[in-house]
Amino acid sequence: MFDDLLQRLGLKDRHPGVCSGPGGWVGRPGGEEITSINPSTGVPIATVVGGSIGDYDALVDRAVDAFKRWRTLPAPHRGEVVRRIGQALREHKEDLGLLVTLEVGKIRSEGLGEVQEMIDMADFAVGLSRQLYGLTIASERPGHRMFEQWHPLGPVGIISAFNFPVAVWSWNAMVAGVCGDSMVWKPSPLAPLTSLAVQHVVNRAVEGTGLDGLFGLCVGGTEIGRRMAGDDRLPLVSATGSVAMGKAIAPVVASRLGRALLELGGNNGIIVSPKANLDLALRAVAFAAVGTAGQRCTTLRRLILHESIADGFLDRLAAAYRSLPVGDPWEDDVLVGPLIGEQAVEGMLAAVDRAKGQGGEVLCGGRRLDRPGFFVEPTLIRARGDLPISRTETFAPILYATTYADLDEALALHNSVAEGLSSAIFTDDLREAERFLSPEGSDCGIANVNIGTSGAEIGGAFGGEKDTGGGREAGSDSWKAYMRRQTCTVNYGGSLPLAQGVRFDI
Ligand code: UN1
(Lines give C-alpha, C1' and ligand atoms only; values in the text may rest on other atoms or scores of the structure.)
Protein backbone atom coordinates (compact mmCIF):
# COMPACT_ATOMS: atom_id res chain seq x y z
CA MET A 1 0.00 0.00 0.00
CA PHE A 2 2.75 2.46 0.92
CA ASP A 3 5.13 1.57 -1.94
CA ASP A 4 2.43 2.47 -4.43
CA LEU A 5 1.80 5.71 -2.60
CA LEU A 6 5.46 6.75 -2.77
CA GLN A 7 5.56 5.92 -6.45
CA ARG A 8 2.43 7.93 -7.23
CA LEU A 9 3.97 10.92 -5.47
CA GLY A 10 7.24 10.60 -7.43
CA LEU A 11 9.30 9.55 -4.41
CA LYS A 12 12.24 7.16 -4.69
CA ASP A 13 13.93 5.01 -2.02
CA ARG A 14 16.90 7.35 -2.18
CA HIS A 15 15.74 10.78 -3.17
CA PRO A 16 17.72 13.99 -3.65
CA GLY A 17 16.58 16.72 -1.29
CA VAL A 18 17.55 19.88 -3.17
CA CYS A 19 15.41 21.40 -5.90
CA SER A 20 15.07 24.83 -7.50
CA GLY A 21 11.90 24.17 -9.51
CA PRO A 22 10.69 22.14 -12.50
CA GLY A 23 13.63 20.13 -13.83
CA GLY A 24 15.75 21.59 -11.04
CA TRP A 25 16.45 18.59 -8.80
CA VAL A 26 20.13 18.47 -7.87
CA GLY A 27 21.23 14.94 -8.84
CA ARG A 28 23.84 14.43 -6.14
CA PRO A 29 23.48 16.84 -3.26
CA GLY A 30 26.47 16.93 -0.93
CA GLY A 31 24.76 17.06 2.45
CA GLU A 32 23.93 14.47 5.07
CA GLU A 33 21.63 11.53 4.43
CA ILE A 34 18.38 11.66 6.32
CA THR A 35 16.25 8.56 6.79
CA SER A 36 12.56 9.12 7.20
CA ILE A 37 11.06 6.76 9.79
CA ASN A 38 7.43 5.68 10.02
CA PRO A 39 6.63 6.58 13.65
CA SER A 40 3.86 3.99 13.78
CA THR A 41 6.29 1.11 13.18
CA GLY A 42 9.78 2.51 13.72
CA VAL A 43 10.66 1.20 10.24
CA PRO A 44 12.50 3.41 7.69
CA ILE A 45 10.40 4.60 4.74
CA ALA A 46 13.06 6.11 2.47
CA THR A 47 16.30 8.08 2.55
CA VAL A 48 16.74 11.67 1.46
CA VAL A 49 20.10 13.14 0.52
CA GLY A 50 20.20 16.62 2.03
CA GLY A 51 21.94 19.70 0.69
CA SER A 52 25.45 20.88 1.56
CA ILE A 53 26.13 24.53 2.28
CA GLY A 54 27.33 24.78 -1.34
CA ASP A 55 24.04 23.33 -2.63
CA TYR A 56 22.13 25.74 -0.44
CA ASP A 57 24.16 28.72 -1.65
CA ALA A 58 23.56 27.85 -5.30
CA LEU A 59 19.84 27.50 -4.58
CA VAL A 60 19.66 30.94 -3.01
CA ASP A 61 21.52 32.42 -6.01
CA ARG A 62 18.72 31.05 -8.18
CA ALA A 63 16.12 32.44 -5.80
CA VAL A 64 17.77 35.85 -6.12
CA ASP A 65 17.55 35.67 -9.93
CA ALA A 66 13.97 34.42 -9.84
CA PHE A 67 13.00 37.25 -7.52
CA LYS A 68 14.23 39.86 -10.02
CA ARG A 69 11.81 38.54 -12.64
CA TRP A 70 8.91 37.52 -10.36
CA ARG A 71 8.66 40.93 -8.65
CA THR A 72 7.85 42.66 -11.95
CA LEU A 73 4.88 40.39 -12.70
CA PRO A 74 1.61 42.06 -11.61
CA ALA A 75 0.37 40.57 -8.34
CA PRO A 76 -2.87 39.14 -9.83
CA HIS A 77 -0.71 37.26 -12.37
CA ARG A 78 1.35 35.88 -9.51
CA GLY A 79 -1.97 34.87 -7.97
CA GLU A 80 -2.72 32.87 -11.11
CA VAL A 81 0.43 30.75 -10.52
CA VAL A 82 -0.60 30.20 -6.90
CA ARG A 83 -4.10 29.26 -8.10
CA ARG A 84 -2.51 26.51 -10.21
CA ILE A 85 -0.64 25.22 -7.17
CA GLY A 86 -3.90 25.12 -5.18
CA GLN A 87 -5.55 23.18 -8.00
CA ALA A 88 -2.67 20.67 -8.18
CA LEU A 89 -2.86 20.18 -4.40
CA ARG A 90 -6.59 19.46 -4.70
CA GLU A 91 -5.85 16.76 -7.25
CA HIS A 92 -3.31 15.10 -4.94
CA LYS A 93 -5.14 15.64 -1.65
CA GLU A 94 -5.77 11.96 -0.88
CA ASP A 95 -2.21 10.83 -1.52
CA LEU A 96 -0.54 13.76 0.19
CA GLY A 97 -2.80 13.34 3.21
CA LEU A 98 -1.89 9.67 3.45
CA LEU A 99 1.82 10.53 3.22
CA VAL A 100 1.43 12.95 6.16
CA THR A 101 -0.15 10.08 8.09
CA LEU A 102 2.65 7.72 7.11
CA GLU A 103 5.55 10.04 7.82
CA VAL A 104 4.44 11.96 10.92
CA GLY A 105 1.70 9.71 12.30
CA LYS A 106 -1.31 12.03 12.07
CA ILE A 107 -4.69 10.28 11.92
CA ARG A 108 -6.26 10.19 8.44
CA SER A 109 -8.63 13.11 8.88
CA GLU A 110 -5.80 15.26 10.21
CA GLY A 111 -3.51 14.21 7.36
CA LEU A 112 -6.20 15.29 4.91
CA GLY A 113 -6.82 18.44 6.98
CA GLU A 114 -3.17 19.32 6.59
CA VAL A 115 -3.50 19.23 2.80
CA GLN A 116 -6.80 21.13 3.00
CA GLU A 117 -4.97 23.81 4.93
CA MET A 118 -2.55 24.22 1.99
CA ILE A 119 -5.48 24.43 -0.43
CA ASP A 120 -7.21 27.01 1.77
CA MET A 121 -4.00 29.04 1.92
CA ALA A 122 -3.68 28.96 -1.87
CA ASP A 123 -7.28 30.19 -2.25
CA PHE A 124 -6.73 32.88 0.36
CA ALA A 125 -3.53 34.04 -1.36
CA VAL A 126 -5.20 34.17 -4.79
CA GLY A 127 -7.78 36.58 -3.37
CA LEU A 128 -5.05 38.49 -1.62
CA SER A 129 -3.20 38.95 -4.90
CA ARG A 130 -5.82 41.57 -5.80
CA GLN A 131 -5.92 43.13 -2.34
CA LEU A 132 -2.37 44.16 -1.44
CA TYR A 133 -3.75 47.54 -0.47
CA GLY A 134 -1.80 50.60 0.55
CA LEU A 135 -3.27 53.74 2.14
CA THR A 136 -3.75 57.18 0.63
CA ILE A 137 -2.79 59.73 3.27
CA ALA A 138 -3.93 63.36 3.47
CA SER A 139 -0.89 65.53 2.77
CA GLU A 140 -0.49 68.75 4.78
CA ARG A 141 1.11 70.44 1.75
CA PRO A 142 -0.92 72.01 -1.07
CA GLY A 143 -0.52 70.34 -4.47
CA HIS A 144 0.84 67.16 -2.95
CA ARG A 145 -0.39 63.60 -2.87
CA MET A 146 0.88 61.12 -0.30
CA PHE A 147 0.34 57.36 -0.36
CA GLU A 148 1.98 54.11 0.56
CA GLN A 149 2.60 51.09 -1.58
CA TRP A 150 3.83 47.58 -0.88
CA HIS A 151 6.65 46.09 -2.91
CA PRO A 152 8.02 42.55 -2.99
CA LEU A 153 10.66 42.06 -0.31
CA GLY A 154 13.14 39.52 -1.72
CA PRO A 155 13.92 35.83 -1.39
CA VAL A 156 12.46 34.46 1.84
CA GLY A 157 13.83 31.61 3.97
CA ILE A 158 11.20 29.24 5.35
CA ILE A 159 12.00 26.80 8.15
CA SER A 160 9.17 24.42 9.06
CA ALA A 161 8.62 21.85 11.80
CA PHE A 162 7.63 18.17 11.62
CA ASN A 163 4.20 18.55 13.20
CA PHE A 164 2.69 20.61 10.38
CA PRO A 165 5.20 19.52 7.76
CA VAL A 166 3.50 21.18 4.79
CA ALA A 167 0.62 23.37 6.05
CA VAL A 168 3.01 25.79 7.75
CA TRP A 169 5.10 25.96 4.56
CA SER A 170 1.92 26.99 2.71
CA TRP A 171 1.15 29.74 5.26
CA ASN A 172 4.43 31.29 4.17
CA ALA A 173 4.85 30.15 0.59
CA MET A 174 1.40 30.95 -0.78
CA VAL A 175 1.45 34.43 0.74
CA ALA A 176 5.11 35.13 -0.11
CA GLY A 177 4.37 33.97 -3.66
CA VAL A 178 1.61 36.49 -4.35
CA CYS A 179 3.64 39.17 -2.54
CA GLY A 180 6.31 38.73 -5.23
CA ASP A 181 8.97 36.94 -3.18
CA SER A 182 10.93 33.88 -4.19
CA MET A 183 11.75 31.40 -1.44
CA VAL A 184 13.94 28.63 -0.11
CA TRP A 185 12.33 26.06 2.15
CA LYS A 186 14.16 24.01 4.76
CA PRO A 187 11.67 21.40 6.00
CA SER A 188 12.05 19.43 9.21
CA PRO A 189 14.57 16.58 8.89
CA LEU A 190 11.89 14.49 10.64
CA ALA A 191 9.48 14.91 7.71
CA PRO A 192 11.51 15.30 4.51
CA LEU A 193 9.37 13.06 2.27
CA THR A 194 6.23 15.14 2.65
CA SER A 195 8.14 18.23 1.55
CA LEU A 196 9.57 16.41 -1.48
CA ALA A 197 6.11 15.25 -2.51
CA VAL A 198 4.77 18.80 -2.25
CA GLN A 199 7.76 20.09 -4.21
CA HIS A 200 6.92 17.64 -7.02
CA VAL A 201 3.31 18.89 -7.05
CA VAL A 202 4.42 22.54 -7.08
CA ASN A 203 6.95 21.85 -9.85
CA ARG A 204 4.25 20.41 -12.06
CA ALA A 205 1.98 23.38 -11.36
CA VAL A 206 4.59 26.01 -12.23
CA GLU A 207 6.02 24.13 -15.23
CA GLY A 208 6.26 26.37 -18.27
CA THR A 209 6.46 29.61 -16.33
CA GLY A 210 10.26 29.60 -16.75
CA LEU A 211 10.60 30.56 -13.11
CA ASP A 212 13.47 28.41 -11.89
CA GLY A 213 14.38 29.24 -8.31
CA LEU A 214 10.99 30.63 -7.30
CA PHE A 215 9.93 27.76 -5.01
CA GLY A 216 13.22 26.20 -3.82
CA LEU A 217 13.71 23.32 -1.39
CA CYS A 218 16.78 22.34 0.59
CA VAL A 219 16.48 19.41 2.99
CA GLY A 220 19.04 19.66 5.77
CA GLY A 221 19.76 20.01 9.45
CA THR A 222 20.67 22.88 11.74
CA GLU A 223 23.73 23.84 9.67
CA ILE A 224 21.43 24.93 6.82
CA GLY A 225 19.14 26.77 9.25
CA ARG A 226 22.13 28.60 10.72
CA ARG A 227 23.34 29.59 7.26
CA MET A 228 19.87 30.91 6.40
CA ALA A 229 19.80 33.01 9.56
CA GLY A 230 23.10 34.65 8.62
CA ASP A 231 22.38 34.91 4.89
CA ASP A 232 22.23 38.55 3.75
CA ARG A 233 20.43 37.51 0.58
CA LEU A 234 17.33 36.60 2.63
CA PRO A 235 15.68 39.77 3.97
CA LEU A 236 13.18 37.60 5.85
CA VAL A 237 13.58 34.27 7.63
CA SER A 238 10.30 32.75 8.77
CA ALA A 239 10.89 29.97 11.26
CA THR A 240 8.49 27.61 13.02
CA GLY A 241 9.78 25.35 15.78
CA SER A 242 10.95 25.30 19.37
CA VAL A 243 11.67 28.33 21.55
CA ALA A 244 15.31 27.16 21.70
CA MET A 245 15.53 27.18 17.90
CA GLY A 246 14.01 30.68 17.76
CA LYS A 247 16.39 31.98 20.37
CA ALA A 248 19.33 30.58 18.39
CA ILE A 249 18.16 32.08 15.08
CA ALA A 250 16.79 35.48 16.13
CA PRO A 251 20.07 37.10 17.26
CA VAL A 252 21.83 35.95 14.07
CA VAL A 253 19.13 37.44 11.85
CA ALA A 254 19.05 40.59 14.00
CA SER A 255 22.83 41.03 13.81
CA ARG A 256 22.51 41.57 10.05
CA LEU A 257 19.34 43.66 10.60
CA GLY A 258 17.23 41.12 8.76
CA ARG A 259 13.64 40.29 9.66
CA ALA A 260 12.79 37.14 11.59
CA LEU A 261 9.19 35.93 11.68
CA LEU A 262 9.03 33.48 14.55
CA GLU A 263 6.27 31.04 15.43
CA LEU A 264 7.64 29.08 18.38
CA GLY A 265 6.33 27.00 21.23
CA GLY A 266 3.18 27.35 23.29
CA ASN A 267 2.15 26.37 26.78
CA ASN A 268 -1.53 26.86 26.19
CA GLY A 269 -4.20 26.98 28.85
CA ILE A 270 -7.97 26.68 29.10
CA ILE A 271 -9.94 28.14 31.99
CA VAL A 272 -13.19 26.29 32.73
CA SER A 273 -15.61 28.39 34.74
CA PRO A 274 -18.46 26.98 36.85
CA LYS A 275 -20.72 28.89 34.44
CA ALA A 276 -19.54 26.87 31.42
CA ASN A 277 -21.37 24.32 29.34
CA LEU A 278 -19.31 21.47 30.76
CA ASP A 279 -20.21 18.93 28.05
CA LEU A 280 -18.88 21.29 25.42
CA ALA A 281 -15.79 22.04 27.50
CA LEU A 282 -15.06 18.35 27.99
CA ARG A 283 -15.06 17.58 24.27
CA ALA A 284 -12.99 20.65 23.45
CA VAL A 285 -10.44 19.89 26.17
CA ALA A 286 -10.03 16.29 24.97
CA PHE A 287 -9.41 17.28 21.34
CA ALA A 288 -7.10 20.16 22.26
CA ALA A 289 -5.02 18.04 24.64
CA VAL A 290 -4.71 14.71 22.82
CA GLY A 291 -5.35 15.61 19.14
CA THR A 292 -2.21 15.09 17.00
CA ALA A 293 -0.92 13.15 20.05
CA GLY A 294 -0.28 16.45 21.80
CA GLN A 295 2.18 17.57 19.12
CA ARG A 296 0.70 20.90 18.06
CA CYS A 297 2.15 24.18 19.16
CA THR A 298 -1.48 24.99 20.02
CA THR A 299 -2.00 21.80 22.06
CA LEU A 300 -3.70 22.33 25.40
CA ARG A 301 -1.15 21.71 28.15
CA ARG A 302 -2.69 23.38 31.21
CA LEU A 303 -6.28 23.03 32.38
CA ILE A 304 -7.38 25.61 34.93
CA LEU A 305 -10.64 24.45 36.53
CA HIS A 306 -12.83 26.25 39.01
CA GLU A 307 -12.51 24.40 42.32
CA SER A 308 -16.26 23.77 42.54
CA ILE A 309 -16.33 21.68 39.34
CA ALA A 310 -12.79 20.23 39.26
CA ASP A 311 -13.39 16.78 40.79
CA GLY A 312 -16.41 15.92 38.64
CA PHE A 313 -14.84 17.32 35.48
CA LEU A 314 -11.60 15.40 35.96
CA ASP A 315 -13.46 12.15 36.65
CA ARG A 316 -15.30 12.50 33.37
CA LEU A 317 -12.17 13.57 31.49
CA ALA A 318 -10.17 10.63 32.85
CA ALA A 319 -12.94 8.25 31.74
CA ALA A 320 -12.86 9.83 28.26
CA TYR A 321 -9.06 9.49 28.17
CA ARG A 322 -9.25 5.78 29.05
CA SER A 323 -11.61 5.13 26.15
CA LEU A 324 -9.49 6.94 23.53
CA PRO A 325 -8.46 4.63 20.67
CA VAL A 326 -4.66 4.86 20.33
CA GLY A 327 -3.08 3.04 17.40
CA ASP A 328 -2.20 2.96 13.72
CA PRO A 329 -3.20 6.39 12.46
CA TRP A 330 -4.41 5.14 9.08
CA GLU A 331 -7.10 3.01 10.73
CA ASP A 332 -10.54 4.58 10.65
CA ASP A 333 -11.53 4.64 14.32
CA VAL A 334 -8.15 5.63 15.76
CA LEU A 335 -7.99 9.11 17.33
CA VAL A 336 -4.45 9.16 18.73
CA GLY A 337 -1.43 8.16 16.68
CA PRO A 338 2.23 7.87 17.69
CA LEU A 339 4.75 10.47 18.78
CA ILE A 340 7.30 11.43 16.14
CA GLY A 341 10.24 9.42 17.52
CA GLU A 342 12.16 7.82 20.34
CA GLN A 343 13.41 11.11 21.75
CA ALA A 344 9.85 12.38 22.02
CA VAL A 345 8.81 9.26 23.96
CA GLU A 346 11.77 9.63 26.31
CA GLY A 347 10.97 13.33 26.78
CA MET A 348 7.40 12.49 27.69
CA LEU A 349 8.32 9.75 30.18
CA ALA A 350 10.88 12.03 31.81
CA ALA A 351 8.25 14.79 32.17
CA VAL A 352 5.81 12.36 33.79
CA ASP A 353 8.52 11.27 36.26
CA ARG A 354 9.34 14.85 37.11
CA ALA A 355 5.67 15.67 37.59
CA LYS A 356 5.33 12.76 40.04
CA GLY A 357 8.48 13.89 41.85
CA GLN A 358 7.00 17.38 42.21
CA GLY A 359 3.81 16.03 43.77
CA GLY A 360 1.65 15.63 40.66
CA GLU A 361 -0.98 12.89 40.73
CA VAL A 362 -1.25 10.85 37.52
CA LEU A 363 -5.00 10.38 37.02
CA CYS A 364 -4.53 8.24 33.92
CA GLY A 365 -1.91 7.30 31.35
CA GLY A 366 1.77 8.01 31.82
CA ARG A 367 3.23 4.98 30.08
CA ARG A 368 4.60 3.88 26.74
CA LEU A 369 2.55 1.30 24.85
CA ASP A 370 4.14 -2.11 24.53
CA ARG A 371 4.25 -2.30 20.74
CA PRO A 372 6.59 -1.20 17.93
CA GLY A 373 6.63 2.47 17.04
CA PHE A 374 6.42 5.46 19.35
CA PHE A 375 3.06 5.18 21.08
CA VAL A 376 2.24 6.58 24.51
CA GLU A 377 -0.87 6.78 26.66
CA PRO A 378 -2.63 10.15 26.73
CA THR A 379 -1.83 11.41 30.20
CA LEU A 380 -3.76 13.49 32.69
CA ILE A 381 -1.92 14.82 35.74
CA ARG A 382 -3.47 16.70 38.61
CA ALA A 383 -1.27 19.36 40.12
CA ARG A 384 -1.74 19.82 43.84
CA GLY A 385 0.16 23.00 44.62
CA ASP A 386 3.02 24.20 42.48
CA LEU A 387 4.06 21.91 39.62
CA PRO A 388 7.15 23.50 38.01
CA ILE A 389 7.21 20.99 35.11
CA SER A 390 3.86 22.39 33.94
CA ARG A 391 5.65 25.59 32.98
CA THR A 392 7.68 23.68 30.36
CA GLU A 393 6.32 22.68 26.97
CA THR A 394 6.67 18.90 26.50
CA PHE A 395 5.66 17.98 22.96
CA ALA A 396 3.46 15.04 23.97
CA PRO A 397 -0.09 14.37 25.21
CA ILE A 398 0.36 15.41 28.84
CA LEU A 399 -2.29 17.65 30.37
CA TYR A 400 -1.71 19.27 33.77
CA ALA A 401 -4.87 20.18 35.65
CA THR A 402 -5.03 22.72 38.43
CA THR A 403 -7.78 24.67 40.25
CA TYR A 404 -8.68 28.30 40.92
CA ALA A 405 -11.00 30.12 43.28
CA ASP A 406 -11.71 33.39 41.42
CA LEU A 407 -11.16 34.70 37.90
CA ASP A 408 -8.28 37.00 38.89
CA GLU A 409 -6.39 34.00 40.17
CA ALA A 410 -7.23 32.00 37.05
CA LEU A 411 -5.96 34.78 34.77
CA ALA A 412 -2.75 35.15 36.77
CA LEU A 413 -2.14 31.40 36.59
CA HIS A 414 -3.00 31.39 32.93
CA ASN A 415 -0.51 34.14 32.07
CA SER A 416 2.28 32.85 34.32
CA VAL A 417 4.14 30.88 31.64
CA ALA A 418 6.88 32.07 29.27
CA GLU A 419 4.97 31.39 26.03
CA GLY A 420 1.92 33.28 24.76
CA LEU A 421 0.42 31.40 21.83
CA SER A 422 -3.14 30.14 22.29
CA SER A 423 -5.71 30.29 25.07
CA ALA A 424 -9.39 29.78 25.82
CA ILE A 425 -12.08 30.23 28.43
CA PHE A 426 -15.21 28.16 28.73
CA THR A 427 -18.04 30.19 30.21
CA ASP A 428 -21.55 31.30 29.35
CA ASP A 429 -21.09 34.42 31.45
CA LEU A 430 -20.58 37.44 29.21
CA ARG A 431 -18.56 39.34 31.78
CA GLU A 432 -16.11 36.52 32.30
CA ALA A 433 -15.70 36.01 28.56
CA GLU A 434 -15.11 39.70 27.89
CA ARG A 435 -12.63 40.01 30.75
CA PHE A 436 -10.68 37.11 29.31
CA LEU A 437 -10.52 38.98 25.98
CA SER A 438 -9.73 42.36 27.56
CA PRO A 439 -6.27 43.94 27.95
CA GLU A 440 -6.01 42.46 31.46
CA GLY A 441 -7.12 39.03 30.24
CA SER A 442 -5.26 36.44 28.17
CA ASP A 443 -1.78 37.57 27.06
CA CYS A 444 -1.76 35.24 24.04
CA GLY A 445 -1.86 35.84 20.29
CA ILE A 446 -4.97 33.64 20.09
CA ALA A 447 -7.80 33.91 22.64
CA ASN A 448 -10.97 31.86 22.27
CA VAL A 449 -14.30 31.60 24.03
CA ASN A 450 -15.98 28.19 24.16
CA ILE A 451 -13.53 26.80 21.59
CA GLY A 452 -10.36 24.86 22.35
CA THR A 453 -6.83 26.20 21.88
CA SER A 454 -5.93 24.27 18.72
CA GLY A 455 -7.33 24.02 15.23
CA ALA A 456 -7.22 27.65 14.11
CA GLU A 457 -8.68 28.65 10.75
CA ILE A 458 -6.28 30.11 8.19
CA GLY A 459 -8.23 33.37 7.80
CA GLY A 460 -6.88 34.80 11.06
CA ALA A 461 -3.32 35.87 11.79
CA PHE A 462 -1.59 32.95 13.53
CA GLY A 463 1.14 33.38 16.14
CA GLY A 464 1.80 34.51 19.67
CA GLU A 465 3.57 36.74 22.14
CA LYS A 466 6.44 36.43 24.61
CA ASP A 467 8.57 33.31 24.01
CA THR A 468 6.29 32.31 21.14
CA GLY A 469 8.24 34.87 19.15
CA GLY A 470 5.74 37.57 18.12
CA GLY A 471 5.39 36.60 14.45
CA ARG A 472 2.08 36.29 12.63
CA GLU A 473 1.49 34.03 9.66
CA ALA A 474 -1.38 32.91 7.41
CA GLY A 475 -4.44 35.21 7.24
CA SER A 476 -5.51 38.76 8.11
CA ASP A 477 -2.73 41.24 7.22
CA SER A 478 0.15 38.83 7.92
CA TRP A 479 1.16 39.41 4.28
CA LYS A 480 2.73 42.72 5.27
CA ALA A 481 5.71 40.87 6.77
CA TYR A 482 6.53 39.54 3.29
CA MET A 483 6.62 42.97 1.60
CA ARG A 484 8.39 46.26 2.02
CA ARG A 485 6.34 49.39 2.60
CA GLN A 486 7.14 52.50 0.64
CA THR A 487 5.74 55.91 1.56
CA CYS A 488 5.53 58.13 -1.50
CA THR A 489 4.79 61.87 -1.85
CA VAL A 490 4.18 63.46 -5.26
CA ASN A 491 4.29 67.23 -5.75
CA TYR A 492 2.01 68.15 -8.62
CA GLY A 493 2.13 71.90 -7.89
CA GLY A 494 4.61 74.52 -8.92
CA SER A 495 6.00 75.50 -5.51
CA LEU A 496 8.02 73.66 -2.89
CA PRO A 497 6.29 73.96 0.49
CA LEU A 498 8.12 72.17 3.31
CA ALA A 499 6.49 70.04 5.99
CA GLN A 500 6.09 71.36 9.52
CA GLY A 501 6.14 74.93 8.10
CA VAL A 502 9.92 74.96 7.74
CA ARG A 503 11.20 77.80 5.51
CA PHE A 504 14.30 77.50 3.35
CA ASP A 505 14.19 80.29 0.77
CA ILE A 506 17.08 80.58 -1.64
C1 UN1 B 1 1.59 24.36 14.82
O2 UN1 B 1 1.43 23.45 15.62
O3 UN1 B 1 2.77 24.75 14.52
O4 UN1 B 1 -4.22 25.91 15.08
C5 UN1 B 1 0.52 25.03 14.07
C6 UN1 B 1 -3.76 24.79 14.87
C7 UN1 B 1 -3.20 24.49 13.49
C8 UN1 B 1 -1.83 25.01 13.36
C9 UN1 B 1 -0.87 24.57 14.40
N10 UN1 B 1 -4.07 25.07 12.49
O11 UN1 B 1 -3.75 23.91 15.71
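Residues numbered from 1 in each chain as written. Predicted model: local features only at pLDDT ≥ 70, side-chain atom pairs only at ≥ 80, totals over all residues.

### Examining helix α6 (residues 167-179)
For α6, built from 13 residues, the straight-helix expectation of 18 Å at 1.5 Å per residue is met to within 8% by its first-to-last C-alpha distance of 18 Å. Burial within α6 is extensive, with 13 of its 13 residues counted as buried. Phi turns positive one or two residues past the end of α6, at Gly180, with a value near 95°. (Helix = DSSP H or I, 4+ residues; strand = E, 2+ residues; numbered from the N terminus. Expected span 1.5 Å × (residues − 1). Buried ≥ 20, exposed ≤ 12 C-beta atoms within 10 Å, placed from the backbone.)

### Considering the packing of helix α3 (residues 75-91) against helix α5 (residues 108-128)
For the pair α3 and α5, interaxial distance at closest approach is 8 Å and the crossing angle is 160°. The pairing of α3 with α5 is recorded here as roughly antiparallel in orientation. Between α3 and α5 lies a crossing of left-handed hand. Contacts from Gly79, Val82, Arg83, Ile85, Gly86, Leu89 and Arg90 in α3 reach Val115, Met118, Ile119, Ala122, Asp123, Ala125 and Val126 in α5. Here the residues of the contact of α3 with α5 are counted per class, giving nine nonpolar, two polar and three charged. (Axes fitted to C-alpha atoms, helices over the stretch in contact; angles between N-to-C directions. Parallel < 35°, antiparallel > 145°, perpendicular 65-115°, else oblique. Left-handed = near helix turned anticlockwise from the far one by under 90°. Contact = placed C-beta atoms within 7 Å. Nonpolar A, V, L, I, M, F, W, Y, C, P; charged D, E, K, R; others polar.)

### Some details on unusual backbone geometry
Phi is positive for Asn450, close to 60°, though the residue is something other than glycine. Mapped onto the elements of the fold, Asn450 is located in the loop between β19 (446-449) and β20 (461-462). Of note in this structure, Ser476 is not a glycine but carries a positive phi near 50°. As for its placement among the helices and strands, Ser476 is situated in the loop between β22 (473-474) and β23 (483-491). On the basis of neighbour counts, which here come to 13 C-beta atoms within 10 Å, the residue Ser476 falls in the partly exposed class.

### Let's talk about the domain arrangement of the protein chain
Looking at the assigned domains, one finds that the protein chain contains domain 1 (1-264 + 469-487) and domain 2 (268-458). The centre of domain 1, based on its C-alpha atoms, is set 31 Å off from the matching centre of domain 2. Across the boundary between the two partners, domain 1 contributes 22 residues, which contact 19 residues of domain 2. Broken down by secondary-structure element, the contributors of at least two residues to the side of domain 1 that touches domain 2 are α4 (93-104) and α5. (Domains from an automatic or database assignment.)

### Thoughts on the site of the ligand
Residues in contact with the ligand, as listed here, are Ala161, Asn163, Phe164, Val168, Thr240, Arg296, Cys297, Thr298, Ser454, Gly455 and Ala456. By residue class, the composition of the shell around the ligand is five nonpolar, five polar and one charged. Split by domain, the residues of the shell around the ligand number at least three in each of domain 1 (1-264 + 469-487) and domain 2 (268-458). (Near = placed C-beta within 6 Å.)

### Section: the pairing of strand β7 (residues 156-159)
Here β7 shows two buried faces, one formed by Val156 and Ile158 and the other by Gly157 and Ile159. Relative to strand β8 (residues 183-186), β7 is paired through four bridges, and the arrangement is parallel. The residue bridging Gly157 from the neighbouring strand is Val184, located in β8. Each parallel crossover has a hand, and for β7 linked through α6 to β8 it is right-handed. In this sheet, strand β10 (residues 236-240) lies alongside β7 in parallel orientation, the contact comprising four bridges. Opposite Ile159, over in β10, you have Ala239 as the bridge partner. (Pairing = 2+ DSSP bridges. Right-handed = clockwise from strand over helix to strand, strands pointing away.)

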